Amino acid sequence: MEKILYRSEDDGTTIVDYYVGPNPAEGEVRWYLFPRLPRGVDVKKGDEMGGLGFLHDDTRQSYEDFKRNPARDLSDAILRQVVQVMEGG
C-alpha cells in the first residue's frame, strides 16, 4: 500500500511526518503518523519514549467518507493523488 506524505511538523525536538495511505483493495483510506527518532537516539530508547521511530496507524475511513469529508486537511494535489490511487488512474 502506498503512503503519501502530506505534512511534517518540527517542534524543535522531534519531527513528525504525517501520511495518508489509499487502500483500494479494502476501499478505505488510512492515516498515519511517524515521529522520527531524534539524532543519537536508538530505536529501543525511541520506543521507551512513546514510540518514536515507528509508524503509527492514526485512523481509517471508508473511501466514500473520505470523498465527502477527509479526516485531515489535505492540499488539492494530495487529494488528487489519493483519488488517482483509489480509482486506479
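I will try to describe carefully the structure that is included in this document.

About the thresholds
- Each chain carries its own residue numbering, running from 1 in the direction its sequence is written.
- Side-chain atom pairs in this predicted model are given and counted only at pLDDT of 80 or more, local residue features only at pLDDT of at least 70, and totals for whole chains, interfaces and linings cover all residues.
- With hydrogens and water stripped out, all remaining heavy atoms of the structure feed into the side-chain values.
- Among buried residues, the Ala, Val, Leu, Ile, Met, Phe, Trp, Tyr and Cys ones that are joined through side-chain atoms within 4.5 Å form a nonpolar core.
- Classification of residues uses two cut-offs on accessible area relative to the type maximum, computed with a 1.4 Å probe and protein chains only: under 20% is buried, over 50% is exposed, and between them is partly exposed.
- We call two residues in contact whenever any of their non-hydrogen atoms come within 4.5 Å of each other.
- Labels follow the DSSP assignment, with helices taken as runs of H or I lasting at least four residues and strands as runs of E lasting at least two, numbered in each case from the N terminus.
- Counted as a polar contact is a pair of N or O atoms within 3.5 Å, where, for protein atoms, one must be capable of donating a hydrogen and the other of accepting one, and residues adjacent in sequence contribute only when both atoms are in side chains.
- Whenever Lys or Arg places a side-chain nitrogen within 4 Å of a carboxyl oxygen from Asp or Glu, that contact is recorded as a salt bridge.
- Two strands pair under a simple rule: DSSP has to find at least two bridges between them.
- The convention used is that axes are lines fitted to C-alpha atoms, helices contributing only their stretch in contact, and that angles between N-to-C directions extend from 0 to 180 degrees.

**Regarding the nonpolar core**
Then, number 1: Membership of the largest hydrophobic core comes to 13 residues, with the highest contact counts inside it found for Tyr 6, Val 20, Val 29, Trp 31, Phe 66, Ile 78 and Val 82.
Then, number 2: In this view, Phe 66 contacts Val 29, Trp 31, Gln 61, Leu 74, Leu 79 and Val 82; residues no more than four positions away in its chain are not counted.

**Re the environment of Leu 79**
Then, number 1: Structurally, Leu 79 is set in helix α3 (residues 76–86).
Then, number 2: The exposure class assigned to Leu 79 is partly exposed, which follows from its relative accessible area of 25%.
Then, number 3: Considering only alpha carbons, one finds Leu 79 and Val 20, 59 residues apart in sequence, at a separation of 9.7 Å.
Then, number 4: The contacts of Leu 79, once residues within four sequence positions are left out, are Phe 66, Pro 70 and Leu 74.

**Focus: the side chain of Asp 17**
Then, number 1: For Asp 17, the location among the structural elements is in strand β2 (residues 15–23).
Then, number 2: A relative accessible area of 4% places Asp 17 in the buried class.
Then, number 3: Side chain to side chain, Asp 17 and Arg 36 meet in a polar contact 2.8 Å long.
Then, number 4: The contacts of Asp 17, once residues within four sequence positions are left out, are Leu 5, Arg 7, Ser 8, Tyr 32, Leu 33, Phe 34 and Arg 36.

**Some points on the pattern of salt bridges**
Oppositely charged side chains may form a pair once their charged atoms are brought near each other.
Then, number 1: Scanning all chains against the criterion turns up nine salt bridges.
Then, number 2: For the salt bridge of Glu 28 with Arg 60, the shortest nitrogen-to-oxygen distance reads 3.4 Å. Here the residue Glu 28 occupies a position in strand β3 (residues 28–35), and Arg 60 occupies one in strand β4 (residues 56–62), the gap between them amounting to 32 residues.
Then, number 3: On the basis of relative accessibility, which here comes to 42%, the residue Arg 60 falls in the partly exposed class.
Then, number 4: A salt bridge links Glu 64 to Lys 67; its shortest N-O distance comes to 3.3 Å. Note that Glu 64 and Lys 67 are positioned in helix α2 (residues 63–68) at a spacing of three residues, about one turn of the helix.

**Let's talk about the sheet that holds β3**
Where strands meet in a sheet, backbone hydrogen bonds hold them as pairs that are either parallel or antiparallel.
Then, number 1: Strand order in the open sheet formed by four strands is β1-β2-β3-β4, and the pairing between neighbours is antiparallel. With one partner strand each, in any of the chains shown, β1 (4–10) and β4 form the two edges of the open sheet. Across this sheet, the average inter-strand angle for adjacent strands is 20°, counted without regard to direction.
Then, number 2: Pairing geometry for β1 and β2, over six bridges, is antiparallel.

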